[in-house]
Amino acid sequence: MVVFAAGTKDLTISEVRLTPVLIADPPLLNTQGVHQPYTPRLIIEVVTSGGVVGLGETYGDTKYLEVARPLAEALPGTSVAASNRLPALAASACGAPGEPADGRAAVDVGGLRGVQTADKLRLSVVSGFEVALLDALGRTLGLPVHALLGGKVRDRVEYSAYLFYRWAEHPHGQGEGDDWGAALDPAGIVAQARRFARDYGFGSFKLKGGVFEPDAEMAAVRAVAEAFPGHPLRLDPNGAWSVGTSLRVAEELKDVLEYLEDPAGGTPAMAEVAAGTPVPLATNMCVTTFEEIPEAFTTGAVQVVLSDHHYWGGLHNTRELAALCRTFGVGLSMHSNTHLGISLAAMTQVAAAVPNLDYACDSHYPWQSEDVITRRFTFHGGGLEVSDRPGLGVELDRDRLAALHRRWVEDDGTLRDRDDAAAMREADPGWTAPTVPRW
Ligand SMILES: [Mg+2]
């Protein structure tokens, strides 16, 4: 338990603790494969000389840990009020090459994040540290994180139900299990949507696609539209379709989609699709850094950017992204990947502080049965109230953190790096992640 001494204003960082964990994840399907039974995350604790502990969370795969460790070692002696220095500190601590071209060279971190670079990897690590610094600063000053971003412009943040094709359980009985059952057809997806609406009040629905042939996925979206007339729907095949297929799907679903997310891979293909349909195109793949904005915005390739503070380098950068989107008349929504309550708190704080967050945010959170915070979030009416408590407003459950870390320690290394294609091979030994466009 952390005790906050009234009047303590020492903002100097005395210690940084990194705790990799493995968290249970259901067998959710995507175009690459299936989620592993456990997903790596990294919990960051930044301790000040005043005894305040700030919390952050980001990806926990080995490549992220390799960046996080030297950054953690470089931080003691700096201030929690100096998060703008984090990118440069991370670059120097990790021995990043001086030439920007090197930082932009593609590296493979797997998954569904579009082209990866060393710069993007570092931004994801920096984001977790920035959140921890802001949490510590807010706790020290007695202010919520949103106040450090200029204050909230809304008291509630709306979230969208995140529908997945899924199996009832992982192969070979792995993982923790749940009572959701399989969802592999329109009826299964509608049942999932109904449960999300009943339990959490979600009013907008996103289907993770790219799993089955486009006609099957269109039938599922159509079925959800019939079950929830007039509700905003989204479909995201993670770039699995050709331009022609994307245009066909857009045409057939244009009356029910609020946006189509990454139908085709890469900015040029997205621009081609966008030119042929009135359906707005959203992305968390071809625009995930500031460098990728000019081409995408000037060619009209995307009409909605899915912000994600884990991608963009933190909460301040998310507000800068929002300003650029506003300038170019591009909408703003929010992307999510498997995450815990610390990240959900950060997402909600920044979403509350961004005036032009035009859509309900994505969140995987309802799929996560485990957490490292003492009081898990529960969505009501499709959203969350914005906390005004100091910092992020969440407390660490050290017993749970220790248990989930123990799982990471005891893993033989196979699950410490998320690999959806490898997880799929547990069920289908011949599986390789498909080349795109798949259809
Ligand atoms: Mg997406």
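Residues numbered from 1 in each chain as written. Predicted model: local features only at pLDDT ≥ 70, side-chain atom pairs only at ≥ 80, totals over all residues. Heavy atoms only, no water.

(A) The overall build of the chain, seen in detail. Scanning the chain from N- to C-terminus turns up 15 helices and 12 strands. Here the C-alpha atoms of the chain give a radius of gyration of 21 Å, agreeing with the 22 Å that 2.2 N^0.38 yields for 439 residues. With the C-alpha coordinates of the chain rotated into their principal frame, the extents come out at 60 × 50 × 45 Å. For the chain, with 439 residues in total, the buried portion stands at 57%. Put simply, 74% of the contacts in the chain that link residues at least 6 apart link residues at least 24 apart. Accessible surface computed for the chain: about 16,300 Å², of which carbon and sulfur atoms make up 52%. Averaging the positions of the 37 positive and the 56 negative side-chain charges in the chain gives two centres separated by 4 Å. (Helix = DSSP H or I, 4+ residues; strand = E, 2+ residues; numbered from the N terminus. Rg over C-alpha atoms; globule rule 2.2 N^0.38 Å. Buried < 20%, exposed > 50% of the residue type's maximum accessible area, 1.4 Å probe, protein only. Contact = heavy atoms within 4.5 Å. Areas by Shrake-Rupley, 256 points an atom, 1.4 Å probe, with all protein chains shown as cover. Lys, Arg positive; Asp, Glu negative; His and termini not counted. Charge placed at Lys NZ, Arg CZ, Asp CG, Glu CD.)

(B) Highlighting unusual backbone geometry. Of the consecutive residues V436 and P437, the connecting peptide bond is found in the cis state with omega at 0°. Along the polypeptide, P437 turns up in the segment after α15 (420-425). Although it is not a glycine, N238 adopts a positive phi angle of roughly 55°. Relative to the helices and strands, N238 is located in the loop between β7 (233-236) and α8 (243-253). Assessed through its relative accessible area of 4%, N238 is described here as buried. Despite not being glycine, D262 has its phi angle at roughly 40°, a positive value. With respect to the helices and strands, the residue D262 is situated in the loop between β8 (257-261) and α9 (267-275).

(C) Representation of the coordination of the magnesium ion in the model. Protein ligation of the magnesium ion involves D236 (OD), E261 (OE) and N284 (OD1), the donor distances falling in the range 2.0 to 2.3 Å. Sequence spacing among the residues donating to the magnesium ion works out to D-x24-E-x22-N. Remark: E261 occurs in strand β8 and D236 occurs in strand β7; sequence separation between them is 25 residues. D236 gets classed as buried once you look at its relative accessible area, which sits at 0%. (Donors = N, O, S within 2.8 Å, 3.2 Å for Na, K, Ca; no water.)

(D) Main features of empty space enclosed by the protein. All told, the structure shown has 4 cavities of 30 Å³ or more when counted by the stated rule. Here the second largest cavity defines a volume of roughly 50 Å³. Taken together, L163, I189, F205, K206, L207, A220, V221, V224, L233 and R234 make up the lining of the second largest cavity. Elements with a minimum of two residues in the lining of the second largest cavity: β6 (205-208), α7 (214-227) and β7. (1 Å grid on protein atoms, 1.4 Å probe; cavity = no way out; pocket = protein on both sides within 12 Å on 5 of 7 lines; lining within 4 Å. Points joined across faces, edges and corners; volume = space filled by probe spheres on them.)

(E) How the structure looks around the packing of helix α1 (residues 62-74) against helix α4 (residues 118-141). Axis separation between α1 and α4 bottoms out at 9 Å; the angle between their running directions is 55°. The pairing of α1 with α4 is recorded here as oblique in orientation. Crossing of α1 against α4: the hand is right-handed. Of the residues in α4, those touching α1 at K63, Y64, V67, A68, L71 and A72 are L121, R122, S124, V125, V126 and F129. (Axes fitted to C-alpha atoms, helices over the stretch in contact; angles between N-to-C directions. Parallel < 35°, antiparallel > 145°, perpendicular 65-115°, else oblique. Left-handed = near helix turned anticlockwise from the far one by under 90°.)

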